[in-house]
Amino acid sequence: MNPIGQWKVSAVLSAVDGEMKWVAQEEAEKIEDFDLSMFDAITEFRPDGTVCDLIPIPQGTPQTEIDKAIAEGCEVAGDCIVAGKHTWKEEDGKILYNTNITGEILGEELSPWAEIKADVDGSITLMGLLRLTRT
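Summary of the structure given here.

## Overview of the pairing of strand β3 (residues 42–45)
On a regular strand, each side chain points to the face opposite its neighbour's, so the side chains alternate between the two faces of the sheet. Because side chains alternate across β3, one face comprises the buried residues Ile42 and Glu44, and the other comprises Thr43 and Phe45, equally buried. As defined by bridge partners, strand β1 (residues 5–16) adjoins β3 across four bridges and the pair is classed as antiparallel. Each residue of the ladder has a partner; that of lysine 8, found in β3, is isoleucine 42. When β3 meets strand β4 (residues 50–56), the two strands line up antiparallel, connected through four bridges. Bridging across to β4, isoleucine 42 finds its partner in leucine 54. Between β3 and β4, which pair antiparallel one after the other, the connecting turn spans four residues, and glycine 49 there sits at a positive phi close to 90°.

And the structure:
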């Protein structure tokens with residue numbers, strides 16, 4: 001699997017009616033207080049080993065505001081703001097994503113690297129919580 005390119009959230013693992021299940025945007029729109037902004041995010045895997053979390057710049061945002069954000073250190077990628085960066089790598093034929101989660105469980109150090117596996121339909125699951133499809 002080659003992850004390079006842009007991916008959009010197609011489903012979120014969420015608690016609904018007391019059970020964990022994958023919720024697509026259409027269903028999420030019917031759930032009170034569901035954070036629909038998750039479906040706006042784009043995850044971009046770059047050839048240099050960077051993963052960028054992209055948030056679309058709202059239409060109508062004045063260029064002066066965008067320029068100010070850039071001057072304050074924000075990165076713009078196309079019509080999106082880079083909201084976060086991670087890294088990815090290929091190792092032993094596996095695609096790994098750096099979750100940036102560190103710590104230990106029962107005295108054993110956790111690896112921040114999580115494997116990304118492609119689903120049968122070509123989508124991928126990120127950190128066990130987000131199902132992504134290519135844009």
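## Let's talk about the layout of surface pockets
Where empty space is left becomes clear once a probe the size of a water molecule has been rolled over the atoms. Volume-wise, the largest pocket comes out at about 210 Å³. Val9, Ala41, Thr43, Asp53 and Leu130 are the residues nearest the centre of the largest pocket, which is lined by 14 residues in total. At the level of elements, β3 and β4 are the ones that each hand at least two residues to the lining of the largest pocket. Class assignment for the residues of the lining of the largest pocket results in ten nonpolar, three polar and one charged.

Here is what the cut-offs are and how they apply
Residues numbered from 1 in each chain as written. Predicted model: local features only at pLDDT ≥ 70, side-chain atom pairs only at ≥ 80, totals over all residues. Heavy atoms only, no water. Buried < 20%, exposed > 50% of the residue type's maximum accessible area, 1.4 Å probe, protein only. Helix = DSSP H or I, 4+ residues; strand = E, 2+ residues; numbered from the N terminus. Pairing = 2+ DSSP bridges. 1 Å grid on protein atoms, 1.4 Å probe; cavity = no way out; pocket = protein on both sides within 12 Å on 5 of 7 lines; lining within 4 Å. Points joined across faces, edges and corners; volume = space filled by probe spheres on them. Nonpolar A, V, L, I, M, F, W, Y, C, P; charged D, E, K, R; others polar.

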